[in-house]
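The lines below spell out each chain.
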Amino acid sequence: DGRLSARIGALSAFSRLAGRPLSGTAELAATGQANLLTGSAALTASATASGLTVSLPLLDPLLQGRARIDLNARRDDAGGLTIENLGLDAPQLTAALSGTLGGSTESVQISARIADVRRLVPDLRGPASLQGTAARAGGDWRIDMNGTGPGNITLATRGSLSADASRADLSMTGNAPLALANPRLRPNVLSGTADFDLRLNGPPGLDALTGQISTSGARLSLPQLRLSLTDIGANVRLAASRAAVTANMQLSSGGALRVTGDLGLDAPFDANLGTDLRALQLREANLYETTADGRITLTGPLTGGARIGGRVSLGAVELRIPRTGPNFALLEGLSHDAPPPAVQLTLQRAGLGPRAAAAAQRGPQTAFPLDVLVDAPNRIFVRGRGLDAELGGSLRVTGTTSDILPQGQFSLVRGRLDLLGQRLDLTEGAVQL
């Protein structure tokens, strides 16, 4: 028989033992009995921790505050372990596990609940839960798990898993919020839900994953372009570590896009994608307005070296010379002192604020080579400040996405200039890049 009580003022001292950085404080109390001859034992323990972090990005935000862990377990003479209760109670996360292990039949019941998934995904609010069982009788584990989340999110996992987790035969169905991708898309914002019907059959890994993921009515906001892609309907089929993509969407200003092709799911993520542009309406108030048709391709590894190419044909282009020059510069010296969380999120989405500045200091992202032909043989109308002219020509966009080099020429078709009550007919002119 024994009793243990302990107080740990700095869990960081045990980081090397745990194999990962730890922080926080903890108090522990435990009582137990053991028969050294038969091997039977019983243990009851409880621990409380404050400021606990275990260097797991998905777990640390849920452990903030005061967390309590309780354990009640016993071991019989034959070596079977019965867990009456293993529970975690924290302000944002509660979890429980019970069952039997080590005998001829094993069975475990698991449940967990997150109070507000906004801690993990800022664009989602509400609770999420997971519960189910895992059981076996000397062979593979039989898995039966169900989960729910905000916005009618569901997850159902059924199938088998080998005892050493080297092989699986699991089906996974349900839906998930596209907002999970937003941390990697900032300042762009993706909304909507993806339905998935997947199967993992073989050694755990992308090679063994098949099935499809689909979405309808999704939306991608592009604040820096002041545009959005709406009514996104996509279907992604997974097989042999590749994803075959078909997607249709509308541009908020008018027109549609269709994306087809495939890409690898393993680095360097080799892609072969094409985007068809259909009567895209491109405009900037008081500056320009046009339509675009064509096809843009993306081929090669997405980690670096993928080439963007294609051809875009412009319809009638209206270029307006404003009465005063546009000025989009930010106010020099403007600072945001202790903005509340909602304002910080808005600044981050707009590419402003300290987080955006830190991202800019990390350097540019991967640059992709460009070779896109922009064709506008005529109907480029330039108007304003007395000028009324029509031009035509073509432009080849080369260089890279971080250093664009346009090459081409637009020549005058016809035009006139009204200046101080006099009309001048324009007979020759060109703009060369």
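As a starting point, this report considers the structure included with it. Numbering of residues starts from 1 in every chain and runs along the sequence as written. Local features in this predicted model are restricted to residues of pLDDT 70 or higher, and side-chain atom pairs are both shown and tallied only at a pLDDT of 80 or more, whereas totals for entire chains, interfaces and linings draw on every residue. The side-chain figures draw on all heavy atoms in the structure; neither hydrogens nor water molecules are used.

1. A short note on the overall build of the protein
Under the convention used in this document: The helix count covers DSSP runs of H or I at least four residues long, the strand count covers runs of E at least two residues long, and both are numbered beginning at the N terminus. All radius of gyration figures rest on C-alpha atoms, and the globule criterion is 2.2 Å times the number of residues raised to 0.38. Accessible area is worked out with a 1.4 Å probe on protein chains only. A residue is then buried under 20% of its type maximum, exposed over 50%, and partly exposed in between. Contacts between residues were defined by any pair of non-hydrogen atoms, one from each residue, lying within 4.5 Å. All accessible areas in this document rest on Shrake-Rupley with a 1.4 Å probe, and a residue is counted as covered only by the protein chains that are shown. Charge convention: Lys and Arg are scored as positive, Asp and Glu as negative, and His as well as the terminal groups of each chain are ignored. All charge positions are set by atom: Lys at NZ, Arg at CZ, Asp at CG, Glu at CD.
For the protein, the count of helices and strands is four helices and 26 strands. The globule rule puts the C-alpha radius of gyration for 433 residues at 22 Å, and the 30 Å found for the protein is more than 25% above it. In terms of overall dimensions, the protein has a C-alpha envelope of 110 × 50 × 35 Å along the principal axes. Put simply, the protein has 433 residues, and 30% of those count as buried. Counted over contacts in the protein with a minimum sequence separation of 6, partners at least 24 positions apart contribute 38%. For the protein, the exposed area adds up to about 25,500 Å²; of that, 56% sits on carbon and sulfur atoms. Of the side-chain charges in the protein, 41 are positive and 37 negative, and the distance between the mean point of each set is 3 Å.

2. Thoughts on the nonpolar core
Definition in use: To form a nonpolar core, buried Ala, Val, Leu, Ile, Met, Phe, Trp, Tyr and Cys residues must be joined to one another through side-chain atoms within 4.5 Å.
Core analysis: the biggest nonpolar cluster contains 34 residues, and Leu229, Met249 and Leu257 have the highest contact counts within it. Broken down by element, the residue count for this core peaks at six residues, all from strand E22 (residues 370–384). Those residues in contact with Met249, other than ones at most four positions away along the chain, are Leu229, Thr230, Asp231, Ile232, Ala256, Leu257 and Val259. Counting residues in hydrophobic clusters, the runner-up holds 19 residues, among them Ala49, Ala67, Val121 and Leu124.

3. Regarding unusual backbone geometry
Backbone torsion omega between Arg186 and Pro187 reads 5 degrees, so that peptide bond is classified as cis. Along the polypeptide, Pro187 turns up in the loop between helix H2 (182–185) and strand E12 (189–191). With an omega dihedral of 10 degrees, the bond running from Ala267 to Pro268 counts as a cis peptide bond. Looking at the secondary structure, you find Pro268 in the loop between strand E17 (256–264) and strand E18 (270–284). Of note, the phi angle at Ala165 is positive, near 60 degrees, even though the residue is not glycine. For Ala165, the location among the structural elements is in the loop between strand E10 (153–161) and strand E11 (168–177).

4. Points about the side chain of Thr275
Structurally, Thr275 can be placed in strand E18. Excluding residues within four positions of it along the chain, Thr275 makes contact with Leu257, Arg258, Val259, Gly294, Arg295 and Ile296.

5. Here's the deal with the environment of Gly139
Secondary-structure assignment places Gly139 in the loop between strand E8 (128–136) and strand E9 (141–149). Here Gly139 falls in the partly exposed class, since its relative accessible area comes to 32%. Between the C-alpha atoms of Gly139 and Gly99, which are 40 residues apart in sequence, the distance is 17 Å.

6. Structural notes on the pattern of salt bridges
Stated precisely, the cut-off is as follows: Here, a salt bridge means any side-chain nitrogen of Lys or Arg that lies within 4 Å of a carboxyl oxygen of Asp or Glu.
The full count for this structure, using the stated rule, is 19 salt bridges. Note that Arg118 and Asp116 form a salt bridge whose closest N and O atoms lie 3.3 Å from each other. Put simply, Asp144 and Arg158 hold a salt bridge, and the shortest N to O gap is 2.9 Å. You can see Asp144 sitting in strand E9 and its partner Arg158 sitting in strand E10, a full 14 residues away along the chain.

7. Some thoughts on the pairing of strand E25 (residues 422–426)
Applied cut-off: Strands pair, by our definition, only if DSSP identifies at least two bridges between them.
Within E25, only zero of the five residues are buried, leaving the element largely exposed. In terms of strand pairing, strand E24 (residues 403–419) meets E25 through five bridges, oriented antiparallel. What sits directly across from Asp418, in E25, is Arg423. Between the antiparallel neighbours E24 and E25 lie two residues, among them Leu420 with a positive phi of about 55 degrees.

8. Some points on the environment of Gly19
Among the secondary structure elements, Gly19 is positioned in the loop between helix H1 (15–18) and strand E2 (23–34). Relative accessible area serves as the criterion here: at 64%, Gly19 is assigned to the exposed category. Remark: the alpha-carbon pair of Gly19 and Val54, spanning 35 residues in sequence, is separated by 10.0 Å.

9. With respect to a nonpolar patch on the surface
Under the convention used in this document: Two distance rules govern patches: like charges are joined within 9 Å, and nonpolar side chains (Val, Leu, Ile, Met, Phe, Trp, Tyr) within 5 Å, applied only to residues with over 30% relative accessible area and no salt bridge.
Taken together, Leu419, Leu420 and Leu424 make up a surface patch of nonpolar side chains, about 340 Å² in accessible area. With respect to the element layout, Leu420 can be found in the loop between E24 and E25. Look at Leu420 and you get exposed, because its relative accessible area is 83%.

10. Observations concerning the pairing of E10
Inspection of the sheet shows E9 paired to E10 by nine bridges, in the antiparallel sense. Looking across to E10, one finds that Gly149 is bridged to Ile153. Sheet topology places E10 next to E11; eight bridges connect them, and they run antiparallel. When the bridges of E11 are listed, Ser160 appears paired with Asp169.

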